[in-house]
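Letter by letter, the chains look like this.
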Amino acid sequence: MDDKEFMRKILFGFGLSMLALAGIARAQTEHQPFTITISTDKPQVKVGDPVYLNIVITNTSDHDVDCTVNWSNALDRNYTYEVTGEDGRPVPKIEKTYHGWSKTWPCILKAGETDTPSGGRISSLYDFSHPGKYTIQVSHPIWGDENRPETVGKVENNQPDVKSNIITITVLPADSKPPEPAADAPK
């Protein structure tokens, strides 16, 4: 076997390996038991205005999914929040004193069901005090509840978190003209 043929076989084997890995990664993503969709009612706010986030979880599996909500300081803490500025850097968290309260609402989604929106005031946890564009994405682990064995996933399985879509919030200077309502907004 000459050097060219040897290299061709190595490259061919490498290419097959990459295709197999891509297929496995895609299959894992396609078989996540739920999807997360985030949105906001106000994609433009002024500095100092609260920034609200709507989070909707949809069960895409054939099993029950635990969608318990854990409210603390105006935000569902069962999600991990990723907020970045225009420079791509993470936005600083606001140092908060624990207010001594949190409220948990158990929730189970049957196959095909969509939960009512949760989320909350993300500006209670992240600093939106500077004008600019901010991107937000949330994630949630796949986990079940030992008291409800019909739910899917366990934290110890090291399953990848399910990630949401990414949205952009524009923060305008405090003295700017109020944002124009969207063309399709109710009047």
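Summary of the structure given here. (Residues numbered from 1 in each chain as written. Predicted model: local features only at pLDDT ≥ 70, side-chain atom pairs only at ≥ 80, totals over all residues. Heavy atoms only, no water.)

**Digging into the overall build of the chain**
Within the chain, the regular secondary structure consists of one helix and 13 strands. Ordered by position in the sequence, the α and β elements of the chain form the string α-β-β-β-β-β-β-β-β-β-β-β-β-β. When burial is assessed residue by residue, the chain has 35% of its 187 residues classed as buried. Pairs at least 24 residues apart make up 79% of the contacts formed inside the chain by residues separated by at least 6 positions. (Helix = DSSP H or I, 4+ residues; strand = E, 2+ residues; numbered from the N terminus. Buried < 20%, exposed > 50% of the residue type's maximum accessible area, 1.4 Å probe, protein only. Contact = heavy atoms within 4.5 Å.)

**A closer look at the state of the cysteines**
Structurally, a disulfide amounts to a covalent bond that connects the sulfur atoms of two cysteines. Per the counting criterion, the structure on display carries one disulfide. Between the sulfur of C67 and that of C107 lies a disulfide, 1.8 Å long from S to S. Disulfide C67 to C107: torsion about the S-S bond roughly -60 degrees, handedness left-handed. Linking C67 in the loop between β4 (65–66) and β5 (69–72) with C107 in the loop between β8 (103–105) and β9 (108–109), this pair joins segments that are 40 residues apart in sequence. No difference in accessibility class separates C67 from C107, as the two residues are buried. (Disulfide = S-S within 2.5 Å.)

**Quick word on the nonpolar core**
One finds L53, Y81, I122, F128 and I136 to be the most contacted residues of the largest nonpolar core, which totals 29 residues. Looking at this core, the elements with two or more residues in it are β1 (34–39), β3 (52–59), β7 (80–84), β11 (132–140) and β13 (167–172). When neighbours within four sequence positions are excluded, F128 is seen to be in contact with V51, V83, I122, S123, Y134, I136 and V171. (Core = buried A, V, L, I, M, F, W, Y, C linked by side-chain atoms within 4.5 Å.)

**Things to note about the pattern of salt bridges**
This structure, assessed with the given rule, holds two salt bridges. Among the ionic pairs, K110 bridges to D64, the shortest N-O distance being 3.1 Å. With K110 in the loop between β9 and β10 (118–121) and D64 in the loop between β3 and β4, this residue pair connects regions lying 46 residues apart in the sequence. Given the relative accessible area of 12%, D64 is considered buried. Close ionic contact of E82 with K163 constitutes a salt bridge, the shortest N to O distance being 2.8 Å. Of this pair, E82 sits in strand β7 while K163 sits in strand β12 (residues 162–163), and the two are 81 residues apart along the sequence. The class of E82 is partly exposed, set by a relative accessible area of 32%. (Salt bridge = Lys/Arg side-chain N within 4 Å of Asp/Glu carboxyl O.)

**Things to note about the pairing of β3**
Summarising the sheet, β1 and β3 pair through six bridges and their orientation is antiparallel. In the sheet register, I36 faces β3, and the bridge partner there is I57. Note: β3 against β10, four bridges, orientation antiparallel. Opposite L53, over in β10, you have G120 as the bridge partner. (Pairing = 2+ DSSP bridges.)

**Some points on the environment of I122**
Here I122 is to be found in the loop between β10 and β11. Separated by 46 residues in sequence, I122 and D76 have C-alpha atoms that sit 9.2 Å apart. Residues in contact with I122, not counting those within four places in the same chain, are V51, L53, L75, Y81, V83, F128 and I136.

**Describing the environment of R89**
As for its placement among the helices and strands, R89 is situated in the loop between β7 and β8. Overall, R89 belongs to the exposed group, its relative accessible area being 59%. Residues R89 and Y134 lie 45 residues apart in sequence; the distance between their C-alpha atoms is 9.9 Å. When near neighbours in sequence (up to four residues on either side) are disregarded, R89 contacts V83 and T84.

Don't take any of this as a statement about function, it's just geometry.
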